[in-house]
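Descriptive structure summary
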Amino acid sequence: MMRHRTRRVGLATTAALLAVVTLAATACGGRDDDSGSGSTTTAKEGGSSSAAFIDPSVDCTDYQGTEGINGDTIKIGTVRPASGTYAIYDQVTTGLNAWVTYVNQSGGLKAKDGKSYKLELIKEDDAYDPAKTPALVKKLVEQDKVFALVGDIGTEPNLSVRDYLNEKCVPNIALATGSTQWGNNKQYPWYIAGLPSYATEAHAWIEYLKESNPKAKIALLYQDDDFGQAYEKAIKKAIKGTDITIVAEQGFNPLGGTTPEAAVTKLSQSDADTFIVGLGGTPCPTSLKLKPDTWNPATIVSVTCAGKTALSLAGGKDQGVIAAQATYDPSDPADAQVPAVQQFRKDATAAGLTEQQIDGGITGPGWGFGSLFGLGIENAETLDRAGVMNALWSLDTDSFGLVRDGVTVITDGTEDPWAIEGFRIVQREGDGWKELSPITNWEGKSNSFAG
Amino acid sequence: MSDATALGDGPTAKVAPSPARRVPVGRVVVSVVVAAVLVALPFMFPAFRVEQFVGWMALAIAACGLNLLTGYNGQISVGHGALYGTGAYATALLITDLGWPVWPSVAAAGVICFVVGVAIGLPALRIKGLYLALVTLAVATLFPLIIEQFSSITGGGSGLSITTPQETPRGVIERPIRLESPGGSLAPDQWKYFVFLVLTVVVFVVMRNIVRSRTGRSLVAVRDNETAAEVSGVHVARVKILTFGVSSAMAGIGGAVFALNNGRINPSSFTIVVSIYFLIAVVVGGAASVIGPAIGAVAYGLFIDVLSPELPERFKPATPVILGVLLILLMLFAPGGIVGMWRTSAAKRAAKRARAATAAAASGDTV
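Residues numbered from 1 in each chain as written. Chains lettered and ligands numbered in written order. Predicted model: local features only at pLDDT ≥ 70, side-chain atom pairs only at ≥ 80, totals over all residues. Heavy atoms only, no water.

1. Remarks on the packing of aromatic side chains
All names here are of chain B. Enumeration according to the criterion identifies 28 aromatic pairs over all chains in this entry. Plain terms: the ring middles of tyrosine 84 and phenylalanine 258 are 5.6 Å apart, the flat faces sit at 50° to each other, and that makes the pair tilted. One end of the pair, tyrosine 84, is in helix α5 (residues 80-96); the other, phenylalanine 258, is in helix α12 (residues 236-262), and 174 residues separate them in sequence. Classification of tyrosine 84 as buried rests on a relative accessible area of 4%. On the basis of relative accessible area, phenylalanine 258 is assigned to the buried category, the value being 14%. Site record: aromatic cluster; members linked through ring pairs are Phe43, Phe45, Phe53, Trp56, Tyr193 and Phe194. (Phe/Tyr/Trp six-rings, centres within 6.5 Å; stacked < 30°, edge-to-face > 60°. Helix = DSSP H or I, 4+ residues; strand = E, 2+ residues; numbered from the N terminus. Buried < 20%, exposed > 50% of the residue type's maximum accessible area, 1.4 Å probe, protein only.)

2. Section: unusual backbone geometry
Non-glycine residue A:Tyr128 carries a positive phi angle of around 60°. Looking at the element boundaries, A:Tyr128 is found in the loop between β4 (116-125) and α4 (133-142). If you check the backbone angles, B:Ala288 has positive phi at about 55° while not being a glycine. Along the chain, B:Ala288 falls in the loop between α13 (272-285) and α14 (292-307).

3. Re the domain arrangement of chain A
All names here are of chain A. Segmenting chain A into domains produces domain 1 (32-196 + 335-420) and domain 2 (211-325). Of note, the centres of domain 1 and domain 2, computed from C-alpha atoms alone, are 30 Å apart. In this assembly, 16 residues from domain 1 lie in contact with 18 residues from domain 2. Counting the surface lost from both domain 1 and domain 2, the interface buries some 1,400 Å², and carbon and sulfur atoms represent 56% of this. If you sort the residues of domain 1 by the area they bury against domain 2, Tyr86, Ile88 and Tyr89 come out on top, with a joint share of 31%. Taken together, the connections running from domain 1 to domain 2 amount to 0 salt bridges. Between the two partners, domain 1 and domain 2, sit 8 residue pairs in polar contact (both at pLDDT 80 or more). Per-element tally for the side of domain 1 that touches domain 2: the top contributor is helix α5 (residues 155-159), with 3 residues. Grouping the constituent residues of the side of domain 1 that touches domain 2 by class yields 6 nonpolar, 7 polar and 3 charged. (Domains from an automatic or database assignment. Contact = heavy atoms within 4.5 Å. Buried area = accessible area lost by both parts, 1.4 Å probe. Salt bridge = Lys/Arg side-chain N within 4 Å of Asp/Glu carboxyl O. Polar contact = N/O pair within 3.5 Å; in protein donor to acceptor, adjacent residues only side chain to side chain. Nonpolar A, V, L, I, M, F, W, Y, C, P; charged D, E, K, R; others polar.)

4. Here's the deal with the state of the cysteines
Taken as a whole and judged by the stated rule, the model has 2 disulfides over all chains. Bridging A:Cys60 to A:Cys169, the disulfide has an S-S length of 2.0 Å. Across the S-S bond of A:Cys60 and A:Cys169 the torsion is about -110°, and the bridge reads as left-handed. You can see A:Cys60 sitting in the loop between α2 (56-59) and β1 (69-70) and its partner A:Cys169 sitting in the loop between α6 (162-168) and β6 (172-175), a full 109 residues away along the chain. Taken individually, A:Cys60 and A:Cys169 each receive the classification buried, so the pair is uniform in this respect. Two residues share a disulfide in this structure: A:Cys284 and A:Cys305, whose sulfurs sit 2.0 Å from each other. Taking the torsion about the S-S bond as the criterion, the A:Cys284 to A:Cys305 disulfide, at about -90°, is left-handed. Linking A:Cys284 in helix α10 (residues 283-290) with A:Cys305 in the loop between β11 (298-301) and α11 (308-311), this pair joins segments that are 21 residues apart in sequence. When the bonded cysteines of chain A are numbered from the N-terminus onward, they pair as 1-2, 3-4. With no disulfide partner, B:Cys64 has as its closest neighbouring cysteine sulfur the one in B:Cys113, 15 Å distant. (Disulfide = S-S within 2.5 Å.)

5. Structural notes on the pattern of salt bridges
Counting across every chain of the model gives 26 salt bridges over all chains. For A:Glu67, the salt bridge is made with A:Arg385, and the minimal N-O distance between the two is 3.8 Å. Linking A:Glu67 in the loop between α2 and β1 with A:Arg385 in helix α15 (residues 385-392), this pair joins segments that are 318 residues apart in sequence. By the burial criterion, A:Glu67 is buried, and A:Arg385 matches it. Between B:Arg223 and B:Asp224 there is a salt bridge, with the nearest N and O atoms lying 3.0 Å from each other. Here B:Arg223 falls in the partly exposed class, since its relative accessible area comes to 33%. If you follow the salt bridges from partner to partner, you end up with A:Glu124, A:Lys139 and A:Asp144 in one network.

6. Observations concerning the nonpolar core
If you look at the biggest cluster of nonpolar residues, it comprises 93 residues, and the most contacted ones within it are A:Ile74, A:Trp99, A:Ile173, A:Ile235, A:Phe373 and A:Ile377. The two domains that each donate at least three residues to this core are domain 1 (32-196 + 335-420) and domain 2 (211-325) of chain A. Discounting residues that sit within four places of it in the chain, A:Phe373 has contacts with A:Ile74, A:Ile76, A:Trp99, A:Leu109, A:Leu119, A:Phe147, A:Ala148, A:Val150 and A:Ile173. Core analysis: the second largest hydrophobic core is formed by 79 residues, B:Leu69, B:Leu132, B:Ala259 and B:Phe303 among them. (Core = buried A, V, L, I, M, F, W, Y, C linked by side-chain atoms within 4.5 Å.)

7. Some words on the pairing of strand β2 (residues 73-80) of chain A
Residue and element names in this part refer to chain A. Counting buried residues along β2, 7 of its 8 residues qualify, which places the element largely inside the surrounding structure. Examined bridge by bridge, β1 and β2 share 2 bridges and lie antiparallel to one another. By the bridge assignment, asparagine 70 is partnered in β2 with threonine 73. Remark: 2 residues form the turn of the hairpin made by β1 and β2, two consecutive strands paired antiparallel; glycine 71 in that turn has positive phi of roughly 60°. (Pairing = 2+ DSSP bridges.)

Shown next, in the form of C-alpha cells:
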C-alpha cells in the first residue's frame, strides 16, 4: 500500500513539473537562431541582377546564403543507396566522389570572386527508402551544415525532402532522377535535375517507334512509383493520335522484395511486338534475363539501365536492346576516341577510379552531376546559395561532364527548367551502341511531354 | 522490508513519525531531474534531432500498447506494425482528404485501430502463443501490400503527404502540415516536441491506471492462468478482446504521432520490421512494467538514430548484427530488461543494507 502511494507521488510530481517547466520554457521563447555559421544575407545580395530567378529577400524567411563555405572550402552532401535493392547506384556517388577528388587535385573550382574553392563531400546512405531520407538530409543541413546537396539519388527520396529544402533555401543540385516533378521549378526553385526528364526520354522512344514501327503493340513494364509512372504517363500521352497501342501493362513495386518475374511472364503472353522496360536498378536487367526465349519483341530500356554494369546482369540478353542516349558511354568502342571521353578517362583514372568503374556507365553520370554543380559555382555572380542557383537557371553551354556534342545545355528559370533535352536512339551491339536515329533536341519542351 | 529500511536510515528515521507519510526524497529528485532533462532537450539539439525524439515518443506509445497486450495479458502480437500503419494512414487521409483538424484525426485513428484490433483479436480467443504470433505476423506482412494495392487512395509506393495549402512567395503550395505554437514563441519542432510529450505522458498515465485497476489485475490473472481467472469470475473472452482493442488503439495513436511528425508516410515505414522494433522496445525496457517500453524506445532510438550513424563507414552495414549481439547480451545478463536490471540491483542493495544493519545491530548488542 505504501509502495503504491509513493509511486503515485513520483509520477504525479514528474507530470506536474513537466507542465510547469514547459510553460516557463514556452514563455522564454524558442531556440537561439543565430547558431548557424553562415551570415544572414538580406536583400539583393544573392541575385545576379534584378531579373534573377531567385530573390532570397522574397523567397526565404531565414536565408543562410553562405553556410557551408568555410574559408576556401565548400562543404557539400549527398544521399544515395549504399545498401538494399538499389545499391548499384552507389557507383553514381563513387563517380561524384571521384569528381570531387579531381577538382581538389587540380586546385579547386574558380569562382567569380577570383578565389579557388576546394570541396568536401559528405555521403549518407538511405537505402533508396524515402522513409529514411528526411532524417539524413536534415542532419546534413543542420548538423554538418552543407552548402548544397549534389547528385541525390532517387525520385521518392528527393520528393520526401523537397518542401524542407525549398523552405530552408538549400540548393539540391543535379538530382539523379528525371521525374517530371522537377519541371515545377517555379514553385520549387532550389531543385534542379541532373538527368533529362523521363517524359522526354519516353517521348523520344515513341518518336522513334513512329518511324520504325508505326503500328507497334507495346507491352509496358514500369516501376510502380513516381519514376516508372512518369514513363507510363508520357508514353500514353505520346501515343495519342497514333496507331501505336499498349496491349499489356504491368506495374512493379521495387520495395516489395520480389523480382519482376510474374510481371514479365504475364507480359510475354501478350501479342506485343515491343517491350518497354521502365524499371531502374537491378530489376531492369533482371527482367531482360527473365524474358522467355520464345518471346522476341523489340526491347526498349530506361536510360538508368543502359550502361555496361547494369546490362552485364542481363545474362547475355542485352543484345539488341534499344535506349535513348544523351551522354557518351566510355565503354562504347565508337565513343572511345572522342576528346571528352579521353579527358574523362584520364582525369577519372587520376582521381582513383578503376578501368571497370569508368567503363561501367554508372560513375559517369555521377561525374556529370558534379560538373553541373561546378558550372553553378564558376558562373555564380556572387558565391552564395541563390547566386549558384541563379547561375544554373541561366545556363547556355555546349556540354558538361559526358553530355554528347550536339545535345544543347540551355536553361531558363522561368521558361526551361531542364538542362538536358536531347537524345539519339541507339541499339546494343556487342559492348557498344549502334545509332538508329541521330540526336534531336527538344529544347524547352520537356514539361509539355509529361502525362 | 520497510522495517529494515527504517533501521538502515539510522536514528533520525526512528524519530520520523510514520514510514507511510515519509516523503520519498529519492523519487522526487529523480522526477525533477527527468522532467528538467525532458524540457531542456529541444533547446539543446538541432531541429532534426528533436524530430527524432518525437519519433521515439511514437515508438514508446506503440510499445506501451504492445506491452499491455504481451507483457500484462500474455498475448503475443507481431502485427502491431500494421496497426501503427493503420493509425498513420488514417490520420493522413482524414487530414489531407477530408480536411479534418489534427486532434479529431488522432482520436479517430485511435478509435479505428481499436475496432481493427478487436477484429484481429477475435481469433485470439481460440489460438494462443506461437499460433497467435503467426496470425499477427501475417497481418504485419500483408499491411504494406494492402497499402500498395489501394494506391488510388493511399498513394501506393509513392507514399502520402499530410499537407495543407499554404501561402508562399511562389503562390499557394501544398506544404507538409505542421503544428505552430501560439504566438510563434517556439520553433515548430520544439512545439511539436512538447505537444507530443504531453500526449505521451497522458498515454502512460492512462496505462498505469489501467494496470493498477481491477481490470489490470484481471489482465494479469488471465495471463497467469486462464482457468483460475475464469473460476474467480473474470470474463476471459471480454478481457482478451478488449485488451487487444485498447492495445491496438495505443499503437494507432503512436502511428498518428509518427505521421504528424514526418509529414509524409510510405508503406516502407510499416513493414514487419516495425513490429519487431516494438517487441525490442518492450523487451529491452522490461515487459510488464509501465515505464519499461518508454525506456526501451529511448534505448532503441539512441542506438539507431544517434550511435549507428556515427559508426565507421565499414561497420555501418553490420548495424543489425551489432543490434542483435547487444540484444542477446542483454537477454543473457538482464532477462527482465533495463527495468528488471534496475529492480534486481535495487533489491540487492536493499538486502545488503538490511544485512549490514542487522549485523550492526547485532554487534551493537554485544558491545
